[in-house]
Structures are given as structure tokens and as C-alpha cells.
Amino acid sequence: MHRFFLKCVLLVGVGVLTLTACTKDFEEINTNPNAVGTITPEYVFTKAQYDGVANMLYLLLGTMQYTTSFNDVAGFGSKYIASQVNSSSAAFSTAYPNALNEINLVINAVKDDPAKVNMLAAARIWRVYCYSRLTDVYGDVPYFQANQGYTGAQYTPAYDPQKDIYADMLKELDEAATSLDPAKPTFGAADLLYNGNTAQWKKFAYSLMLRLGMRLTKVDVAAAQTWATKALAGGVITEDIDIAKVNYLASGQIINQNPLAYNLLISDYIAANGNTNQEGGKYQKVFIDYLKQTRDPRLGIISVVYTGGTPNQTDTAFAKQQGMPANLSAKPANFAQLSEPNPKTVLLLNSPRLVFTAAESYFLQTEAALRGWSSGAAPTLYSNGVRAALRQWAIISPTDGALSAQRITAYVNNNQLVAGSFEEQMQQVYTQFWVSIFPDAQEAFATYRRTGYPALTPNNYPGNATGGQFPRRFLYPVSEQNLNTAAYNAAIARQGPNTLLTRVYWDK
Amino acid sequence: MAQYNIETANKRPSAGDALANPNWSPYMIANSADVRWLKPGYDANGYETVWNDASVATNGYFVVNKFQQDDRKNRFIGQASLSYELAKNLVLKGTVSQDHYDYNYRNITPTGTLYALTGQYAGIKSDVSETNALATLTYNKQIKEVGLSFLAGTNKRRSSLNELDQAGTGFTIPFFYSYNNLASGTTLALAQRQDVNSIFGSADFNYKSLFFLTVTGRNDWYSTLSPSNNSKFYPSINGSFIVSDVVDMPRAVNLVKLRGAYAQVGQGAPEPYAVNLTYSNVPSSGRPLQNVSSNVPGSGLAGITNANLGPVLSTTTEGGLEAQLLDNRLSLDLTYYNRLTDNDIVNTTISPTSGYNSVYLNAGKVRNRGIEALVSGTPIRTANFSWNTSYNLAYNDNKVLQLVEGINSINLASTVGNWAYINNTVGQSAFEIVGTRIQKDENGNTVFDAASGYPVATALQPLGKSVAPLTMGFSNDFRYKRLSLNVLLDGKFGNKVFSISEVYETRLGLLKSTLPGRENGLQLTGVTSTGDAYSRLVPVSGLRAYYDNYKNYSELFLHDGGFIKLRQVILAYNLPAFQISSFKLQSATIAFVARNLLILMKHTNFDPEQSFSNSNYQGLESIGLPRTRSYGLNLSVKF
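Note that residues are indexed from 1 along each chain, following the sequence as it is written. The naming scheme follows written order: chains are lettered A onward, ligands numbered 1 onward. Totals for whole chains, interfaces and linings use every residue, but because this is a predicted model, local features are given only for residues with pLDDT of at least 70 and side-chain atom pairs only at 80 or more, for both listing and counting. Only hydrogens and water are set aside when side-chain values are computed; all heavy atoms of the structure are taken into account.

Per an unreviewed UniProt entry, chain B carries the name TonB-dependent receptor and comes from Hymenobacter profundi. UniProt lists a comment for chain B under the heading Subcellular location (unreviewed entry), and it reads "Cell outer membrane". UniProt positions are given in the numbering used here, feature names are shortened, and annotations may be inferred rather than shown by experiment. Within the UniProt record for chain B, the comment given under Sequence similarities (unreviewed entry) is "Belongs to the TonB-dependent receptor family."

With an unreviewed UniProt entry as reference, chain A is termed SusD/RagB family nutrient-binding outer membrane lipoprotein, source organism Hymenobacter profundi.

See the structure below:
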């Protein structure tokens, strides 16, 4: 018995020892079997491209008077109602943990390998694109200390002045463009924009440089000239084949479908009967009236009405198109007869999203010529821009977006750059720009703030947050006050109150 | 021991925001409309009928009639143990137990739902188990007047979860609700495992059954923590002493007992994989995609892991007094405690500008201290009638003493729209409600933004405790012959509640506070931010937007969350069992049980207990259901 007792004590003792020794397999137990410990830069880069393109502030379609809704919540963009202002922070909150952090992961993974210089350059250029979209809408944003939550335990990054962000973005574009080397490997097919083509990445970098350089005309015209000249010397996008765009699929995962088309469909137009639009959305009267008044052949490509409220019975007839005024607070009686986005073009799930077009490049070049910064002939550049803008709908939908060469030429001939003062010509260029850049409302919003064109009349809707003035920026998330208090307060103290009327650096 | 349970449910009600919330339409429909006008919630084609201009606010009848939700849990609990007396009073015991369940869940947002016209699918299939292997060795011995008992043991606990999450949108064939019929569907696999290894021991002593002392010690090893910091030893000591048996007491005193304890308890991370950052594939129909893994399964939000994650330790010091007086008809129980929680593991929300939405932190030190008192007595005791009464009161004072270095405040929860937050801030109570107020100048005038014409909102500030510091219960038992009546009241005091419902009700003009100005507009007066006098007439057409803007001032929706409720009444009749003694019945009781009968005191338009979650969201009310009043009959028999 005694011996048995000893054996048992021994057994328990051994048991205890084995158990504590058992922590050896803890690391394996605490390893997620469905995840990996290192990144595949290609896969993260593709994700960053999708996310960067998809992160847009849809309400800007309303602000730029392309669309509106009789519903206060969905109509915020076109009405700037005070009670809805905080919905405008969505693109800020989405940008960092998605596109921006992803591109940072990619940069960290490839930056130390000289063989991966093209991957690094593409990632740096894409980071500039994503940050420029963000800072243009919100002003000062975290930049130099951002996305270091994991690598630097930086949970409360400082907001950087937009002036510094712009200086760094332009420097990044310059360095990245010159570092591209056609002899070295690329992201290849993982690069949704250019399939790894370094020559095209270079054009995209200089096109972005032109865009961002021109942004500075109001605040620092000398810097604007320096960067615009440099960009033009480097070579910008002028051919349709070089347009920066992402292609999408008609079905499958949502991330693989055109984000603008998907979002508009899901939020409003999926019933396709002109009547039961969930969020009460329609084209705005200002936009449709302008296209009709200028006999614009794009009207029938962009816009439809539903005949008799029957699903999918669309009518693109010029005479039938009419937009909805932005001052309604209830569903109008003629709602079903009003124009909305064409399901075969603007709402086409497998249409590409255009990130930088030849048309935009030509309009910016026109301005550079008007300012005497280049030897190009402004009227020719302008006509090239108009022509490219009419052609680009065929890229969006080869079957339903194509205009005949005849119609394009006719419109171009009827819409030439008319001689006049610099201001008059600017008005002409950037009114055409507004029509041509649709549906990229954010770029229209930036150009409007910089040039004042098109000469839109702000909506003085009851209860608006701006006293009936045009918004100059959108709001930081309220959560930043709680989660990043000191940095947020410093940004407000420097830039001005977190309101729609505070102007960003380049809009001063 | 083996036990098998099947639990099935369908159409569990959802609360929260407007989407798919059946409570939304009855609460939010205009006061002049009858909610039954929304019946049946769908049209001839089976599509949701529009009832307002916000498509996300689902018609309640459509939710009830067309939404589908069902779940089923098949649960098996088994335990086997073997004990062997090795020697006299020395027992070795081994126990293996498992609690295992299979879970199936399906939630259909049907075709025709306005906010998701082609429908949505969500499904979960999982198997979850917890297995424990325990071995103990116990020894008992009585040496004269000293009783001794010792225990040593070891335990291994393994928890595992294997889950498939299916989600998708768009039913290709309308109204046919199969995963295979989705235009876009994704299945994600989730597997979680965690182990806790433990050794422990305890020793009990008692002297003449007057003085008791228990000493314990335990060491745990947690697989969910950093390999360099995954072990924690924690002791406890617990003593009690019956004073009245040693010291002479007045005759009125029957018993006086003192007790004291010091105890520590360790804890690991609740979720695995919080130590090393990983990357997961993102479902794609095109090129492969990858991003940082979410640290909250299923949230899709990128979170930061913590390579140094260590154990939580809570230390409680407690003292108490128990007394029986007046022939045991009055008793008193008092407790004072002080509990410090150190290195609490919190998945903290952080600014997205860090690149991530949250981070796992060992977040500082929180103190809870308080007193609990229980007085009970029997004022009347006769052969046929008795009345027992008891009253308990508890006060808990909690305070965040310290957080992580460089962090003064962490966010635990927030409302939709960020109208209010629940924060832990150093120096304040834990789970403090934080939000904005209307800016006032030193004379109490409202400060207006001259450009927008709206009052200026202050910076975020603490608005009150979300967890009630003071709670009480009052129970009375009356017995007359075979009839007994129990009446229970309870109450909570000192907490605040933020009402998300009222934000919407204000927007929709349903509250009295939105009446001023409806005839001739609303005259506003105050000062501008530069101190000049300001006045403006909000026209009737601008009132809706004006009142809707109230949501930017959290204080307007904040209320005292205290209440007193008549929680329960039980009327019972003890059947004369001896008359049916042929069934060998010992006793039989039939009882009428009613719960949640009345709210005797409250300061809100709603049931202050209808917060939408019990965890960090206490203090945020959102279009939920009040506690359900229930009546039941209960028959219990003993053989």
C-alpha cells in the first residue's frame, strides 16, 4: 500500500511537471491557422489600389450639383444641412486602415531591396494619389506620423499642415518618377492600373504632379509654375491608352465591381423603375439643364428616364431628360419622370473607373498655356481635351458609351476656346472640365474651389450649415476629438474650426 | 454524468439602429398615425412597402413577416471522474469533462428589403468545445480540536472553436433563400484554440469550529499571452472567527462572526491570436488580395496585436461582519471590499489614422471599492402567520487610476453617429459617458456660430457614470397558513443613460421638446463666439433641420438612469400533500409568478434598463424593447 501511495504521488508530480512543460506548444496553439505571418506585397498592393479608388465621398456628386435627393440625409451633399454634417467624415475614417496603411505595408516590405525599385516607385506614387484625395477634402491630416500604429506604437499621430503634405507629395512624385527602371521587375498583373508598365507609371506620376502643382495657383503661383513645368517636361498622359484606370467585373465579390456604380445602384437605382429609388436620388436640374442647353451628346449616354415606371424600360431621348431641383424636401409628383444615371454606362458594374484621364491632362495643359507656362496653343489643347472627354465614355462602355467621330467633331467644333480675357477663358475651360470629369466629383470640387468655375449657385436650403455658401472642405470624424484629442485640437487651432467653411491651405 | 440539450430559436428580435429593427416603426411613426396602417409591410410582389423617406428604417411588419432568422444549438456536457482512497483520508481523484456544442445560425434579409433590394444572407456553422482534465489529491485529518484539510491539483483547460461564416448578397432567383442562390457569396473559416494549464493547492484549518483559515495558491499558464509573460501565480487567504462563542455577549445577541480575506485572481487574454500580427486573404473574384488580419473575428477591422501581452491580476481585500440578534429574528451582514484590477486586457479603439482601428493593451489600473449591507428580520412569527423582510444596499465607487503610459483615455463604446461615447479616463469613473454640451458664456447665454446660426458645441466632456454606483433590493415574504406572498422591489441610482431613440424622435418631431416655434418660428437669442449679441428667427420651414441638429449636443439626450421597480410578486399555495400521500409526495406547491410588474420611479420616457447591450454599452439606449412583463404558474412537487 505504501509503495502504491508513493507511486501515485510520483505520478501526480510527473503529471504536474509535464503539464507545465506543455507550454512549449503554446506558440503553435496561439497561431492562427487561417492567416500568415508575412505579407505578399503584390496582394496587398492590389488591395490598396482597389481601396484607394473606392474611397470617395459620394455626397460630392450632390455638392457639385450633378445629383440630388429630396431626402435630407441622402441629400446632404447638395443641401449641406447642418444636422448631417458629420456624415462627410466617412472618407477620412476609411482611408487610413485601408488604402493608406496597406500601401505603407507594401512600401516597408519592398523599400530595402534595390531590385524592387519599380514596386517601391509604384507604391509611392499610389500613396501620393490616396493622400492627395484625402487632404484635398479635409485639409490638414495626419501624414508623416500616420499608419505607424503597429511599427511605432503611434496611436495619436499629429495632423500635418497641408502645405507640408503638398511639398512632400510633389517631392515623392519627382523621386518616384525618376527612379522607375524598365529593366527591373514590376508588380506585373498585380498592378491593376498599368500591369507593371513603368513608362505609363511615369506618365501617371507626372500627370499627378501637374494636377497637384496646378492646385497651388491660388496660394503660391511660383511653386505651381515650377511643378507644372517640371511635370510637362517629364511627360504627362495624353493618349487614351495611358489613362490611369482600374477595370472591374460584372459579378462576384463586391470589391471586384466598379465601386461608384455599385454604391449608386445599391443605395438608390437598383429597382430600375425611376420611382422607388430608396434614397430619393435623381440627377440635379443644374447638370441636366446645362447639358441640354449646350446640346451635349453625352446627355443620352449619362442619363435616362424610365418610361411608365416599368423596370428597365429606359429612354435616353434628349427632350425627355429633366433633373430634380435641389431645394425639395418631399418627393415631387413628377419624380418618376426625372432623369437618373444610365444603368448601361454610369451604373455599369464592369465599367472601369477612370483615375486620371487624358481630358483632365489637356485641360490642365490649357491652363498652363493660358498662363504662359508652356509653348502649347491653348485652343488646340482645349479642343484635344474636349475630344478626349467625349471619347472616354467609350472606354467606360464600348457598347453604350461610344459617340460617332462625326458627333464628336461636331461638338468640338461648336465648343472651341473663345478668345477673351484670362478669366473668361478659365471659366470656359473649367465649366467644360466639370462636365468632362463627371462622375469624379471630387476633382470637380477641387477645381471649383481653386478657380471658382463652373459658376454654380450655392443651395440656400433651410437649415444649411454654411449660411447658404458653398462648402470649402468637409469635416473630420467626431471620433477624432475623442481618440486623438491633442493632435485634433492642434489642427483646429492652426487651420480653423472644423466647419464646412474653413478653407484648406491651397484654397486661401 | 452526461447531459444533452437542444436549443432552437427563430426570429430573435434585433435592436440597435434602424436596419431590420422591428421596434423602429412603432416607436418612430408619427404620433397621429396608427402603426397598424403599415400592415402587412409588403406589396403584391412581396416587396417591402415604403412608409417613410429613409429606406434603412425597415417597416416593422415587413421584418416580422418576411425576415427569417433561426438558430440551433445541440449541446453535450459530459463528465467522468474516478477517485481512489490511497490511504486513510488521502484521496486521489481524476476528472475529465467536456462541454461541446454545434451551432447553426441563418439570417435572411429577404428579397424586396428596401435597403438591400436583392436580399442578403448570413450564416454561421460552428462547433465549440471546452475540455478540462483535472487531477486532485486531498487529505483530511482531525487532530484533537484542530481540523485540517489539504488539496493539491492540476488542471488543463482547452477551448476550441471551428467556425464557417457564410455571407453574401443578392438572391439570383428572387425569394429563394439558399446560400447557393447568391450572386456573391463568401465563406470564411475561423479556428480558435486556447489552453490554460494550472497547478493549485489549498490548506484549510479550523480550531474548535470557531476559527477558520483557508490559504490557497494557484499558478496558471495562458496560451493567449506573450510567451515571455504567460504565467501568473496568485494566492489567497481567508479567515473567519465566531466572536460570540468566545466573548460573553448580551442575551439579545445570538451570533457575531468576523471575516476577512485577501485574494488575487489572474486571467489571460479572452481571445487567441492577440500577440502576433498576421495577414489574411481577402475574398476576391479577381487578383488575390491580402490585408492585416482583424483582431476581432468577423469585424473586418484591422487591429494591432501586442507582443508583450501579459496577464490581468485583480486583488481584492475584504472584511465583513455577520450578526444574528433577538433570537435569530434580526440579522445583519456588512461587507467592505477594495478590488484593484491591474493590467486589464482591453481591445482599445484607437484613431484610424494609426492605420488600425484598435489595439490590444494591458490597460492600467482600475479600483472598485464599496460596501454591501444586508439587514433581514422576522417582525412577526406566529403559528399561522409570519412576515420576513430583508433589505440590501450596495455602493460601489470605481475609478480609473492609471492607463497605459502616454494614454489618458481609452474608448470602449460609441453610439451610431458618434453622438456619445463610453470612455475610461484617468481620474474618472470607469465606463464614463462622454459627449458634448451646448456652449454657454459666463452669463449662461448660448453661444452661436454666426455663419451657420446654430449653437456651438463644447469639446467632449464627461457627462456621468454609465454604471449605477448605488443598488438596492427590498424583499418581503408573508405567509399565512399554506399561502405565501413574496414581493420584491429593486432599484438603481446615480447613473446616466444616453438615449439614441430620442435623437431619432427629435429628428422626427415626436417629442414635446420639438414643439416650440411650430406656429410662428423659433426666436433664438444668445451671443456670438466673439461675445456680440446674437438673435435669429428660425422659420417654421427650418425647424425640422434645427431640431435635428440637436444631436450634436449629447447633453440633450442624457437622462438620470435611476429607477425603482416592482420586480417580482410570487403568490404560492402549499398543497396539503399528506392527503395524496399514496403518491409518496413530500410536498407540492402551486405558485403564481409575475415579473417586471411596475416601474415605481424613473426619470426617462423609456425603460431605463433597455440599454442595447450589457457589456460596454450600458448607458446607451437604442430603440430596444423594455423588460417584458411576464406572468406564470409554477407547480413544483417533491417526492
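Draft legend 1. Seen up close, the side chain of Q162 of chain A. Residues and elements named next belong to chain A. Secondary structure is summarised from DSSP: a helix means a run of H or I of at least four residues, a strand means a run of E of at least two, and numbering begins at the N terminus for each. Within the fold, Q162 resides in helix 9 (residues 162–179). Think of it in three bands: residues with accessible area under 20% of the maximum for their type are buried, residues over 50% are exposed, and the middle band is partly exposed, with areas taken using a 1.4 Å probe on protein chains only. In this structure Q162 comes out as buried when scored by relative accessible area, which is 0%. Under this definition, polar contacts are N or O atom pairs within 3.5 Å; protein pairs additionally need one hydrogen-donor-capable and one acceptor-capable atom, and for neighbouring residues in sequence, both atoms have to be side-chain atoms. A distance of 2.9 Å separates a polar side-chain atom of Q162 from the backbone oxygen of T135. Filtering out sequence-adjacent residues up to four positions away, Q162 remains in contact with T135, D136, G139, D140, V504, Y505 and W506. The criterion used for residue contact is that any of the two residues' heavy atoms lie within 4.5 Å.

Draft legend 2. Broad picture of the sheet that holds strand 23 (residues 454–455) of chain B. All names here are of chain B. Strand pairing is assigned whenever DSSP detects at least two bridges linking the two strands. Spatially, 23-22-28-29 is the arrangement adopted by the 4 strands of the open sheet, whose pairing is mixed. One side of each edge strand has no neighbouring strand; the edge strands of this open sheet are strand 23 and strand 29 (533–538). One ladder, built from 2 bridges, connects strand 22 (residues 447–449) with strand 28 (residues 522–528); its direction is parallel. Bridging from a neighbouring strand, F448 pairs with T528 of strand 28.

Draft legend 3. Molecular detail of the sheet that holds strand 8 (residues 340–341) of chain A. All names here are of chain A. The strand order 7-6-8 describes an open sheet built from 3 strands, whose pairing is antiparallel. Each edge of the sheet is formed by a strand with only one pairing partner; in this case those strands are strand 7 (314–315) and strand 8. Both strand 6 (residues 303–306) and strand 8 contribute to a ladder of 2 bridges, which runs antiparallel. Bridge assignment links V304 to a residue of strand 8, and that residue is E340.

Draft legend 4. Representation of the side chain of N549 of chain B in the model. By secondary structure assignment, the location of N549 of chain B is in the loop between helix 4 (543–548) and strand 30 (558–560). At 3.2 Å, the side chain of N549 of chain B and the side chain of Y553 of chain B are in polar contact. Sequence-distant contacts of N549 of chain B, defined by excluding residues within four places in its chain, comprise A82 and S83 of chain A together with Y454 of chain B.

Draft legend 5. Just the interface of chain A and chain B, in detail. Every contact between the two is made by 88 residues of chain A and, on the other side, 90 residues of chain B. Of the roughly 7100 Å² buried at the junction of chain A and chain B (both faces included), carbon and sulfur atoms supply 60%. We define a salt bridge as a side-chain nitrogen of Lys or Arg found within 4 Å of a carboxyl oxygen belonging to Asp or Glu. Between chain A and chain B we count 2 salt bridges in total. For the salt bridge of D72 of chain A with R544 of chain B, the shortest nitrogen-to-oxygen distance reads 3.6 Å. Counting across the interface, chain A meets chain B through 28 residue pairs in polar contact (both at pLDDT 80 or more). Note on definitions: buried area is the accessible-area loss of two parts on being combined, 1.4 Å probe, summed for both.

Draft legend 6. Inspection of helix 12 (residues 259–269) of chain A at higher detail. In terms of burial, helix 12 of chain A is largely enclosed, as 8 of its 11 residues are buried. In this fold, the buried residues of helix 12 of chain A make contact with helix 3 (41–54), helix 4 (60–63), strand 5 (281–283), strand 8 and strand 9 (353–356) of chain A together with strand 5 (146–171) of chain B. Looking at where helix 12 of chain A begins, the residue whose side-chain oxygen comes 3.0 Å from the main-chain nitrogen of L260 of chain A is N258 of chain A.

Draft legend 7. Quick look at the pairing of strand 28 of chain B. Residue and element names in this part refer to chain B. Across the 7 residues of strand 28, 5 count as buried, placing the element largely inside the fold. Of the strand pairs in this sheet, strand 28 and strand 29 are connected by 6 bridges, and their pairing is antiparallel. For Q523, the partnering residue across the bridge sits in strand 29 and is L537. In textbook terms, the turn of a hairpin is the stretch between consecutive antiparallel strands, and for strand 28 and strand 29 this stretch comprises 4 residues, one of which, G531, has a positive phi near 95°.

Draft legend 8. Structural detail: the packing of aromatic side chains. Working definition: a ring pair exists when centres of Phe, Tyr or Trp rings (six-membered ring for Trp) sit within 6.5 Å. Plane angles under 30 degrees give stacked, over 60 give edge-to-face, the rest tilted. Within the structure shown, the criterion is met by 53 aromatic pairs over all chains. For the ring pair Y159 of chain A and Y476 of chain A, a centre distance of 5.1 Å and an interplane angle of 75° mean the geometry is edge-to-face. With Y159 of chain A in strand 3 (residues 159–160) and Y476 of chain A in the loop between helix 19 (441–451) and helix 20 (478–483), the pair connects residues that are 317 residues apart, well separated along the chain. Take Y476 of chain A: its relative accessible area is 0%, and that puts it in the buried class. Judged by centre distance (5.8 Å) and plane angle (55°), the ring pair of F363 of chain A and Y382 of chain A falls under tilted. Residue F363 of chain A is located in helix 15 (residues 358–370), and its partner Y382 of chain A is located in helix 16 (residues 378–396); the two are separated by 19 residues in the primary sequence. On the basis of relative accessible area, F363 of chain A is assigned to the buried category, the value being 1%. The criterion for a charge sitting over a ring is simple: Lys NZ or Arg CZ within 6 Å of the ring centre, and within 35 degrees of the ring normal. In this structure, K66 of chain B is placed above the aromatic ring of Y42 of chain B, and the distance from its NZ or CZ to the ring centre is 4.2 Å.

Draft legend 9. Molecular detail of the nonpolar core. Residues belong to a common nonpolar core when they are buried Ala, Val, Leu, Ile, Met, Phe, Trp, Tyr or Cys residues joined through side-chain atoms within 4.5 Å. M64, Y66, W126, Y138, F204 and F474 of chain A are the most contacted members of the largest nonpolar core, which totals 207 residues. The biggest single contributor to this core is helix 7 (residues 117–138) of chain A, with 14 residues. Here this core gathers at least three residues from each of two domains, domain 1 (41–195 + 463–507) and domain 2 (254–341) of chain A. Setting aside its immediate chain neighbours within four residues, M64 of chain A contacts W434, A441, A444, F445, Y448, L456 and F470 of chain A. L225, Y234, L309 and Y360 of chain B belong to the second largest nonpolar core, which has 12 residues in total. Where each domain starts and ends comes from a domain assignment, either automatic or drawn from a database.

Draft legend 10. Representation of the domain arrangement of chain A. Residue and element names in this part refer to chain A. Domain annotation for chain A reports domain 1 (41–195 + 463–507) and domain 2 (254–341). Computed over C-alpha atoms, the centres of domain 1 and domain 2 are 29 Å apart. Buried surface at the junction of domain 1 and domain 2, summed over both partners, amounts to about 1700 Å²; 65% is from carbon and sulfur atoms. In this assembly, domain 1 and domain 2 are joined by 0 salt bridges. Put simply, domain 1 and domain 2 have 10 residue pairs in polar contact (both at pLDDT 80 or more) between them. For the side of domain 1 that touches domain 2, the secondary structure elements donating two or more residues are helix 3, helix 4, strand 1 (67–69) and helix 5 (76–79). No other element matches helix 3, which puts 5 residues into the side of domain 1 that touches domain 2. Classification used: nonpolar for Ala, Val, Leu, Ile, Met, Phe, Trp, Tyr, Cys and Pro, charged for Asp, Glu, Lys and Arg, polar for all others including Gly. Considering only residue class, the side of domain 1 that touches domain 2 consists of 9 nonpolar, 7 polar and 3 charged.

Draft legend 11. Geometry of the pattern of salt bridges. This model, assessed by the stated rule, comprises 47 salt bridges over all chains. A salt bridge links E367 of chain A to R371 of chain A; the shortest N-O distance between them is 2.8 Å. By relative accessible area, which is 0% here, E367 of chain A ends up buried. Among the ionic pairs, R567 of chain B bridges to E609 of chain B, the shortest N-O distance being 3.1 Å. Highlighted residues: R567 of chain B in strand 31 (residues 563–575) and E609 of chain B in the loop between strand 32 (587–602) and strand 33 (620–621), separated in sequence by 42 residues. The class of R567 of chain B is buried, set by a relative accessible area of 7%. Three or more residues are tied together by salt bridges with common partners; here these are R124, R127, D168, K171, E172 and E175 of chain A.

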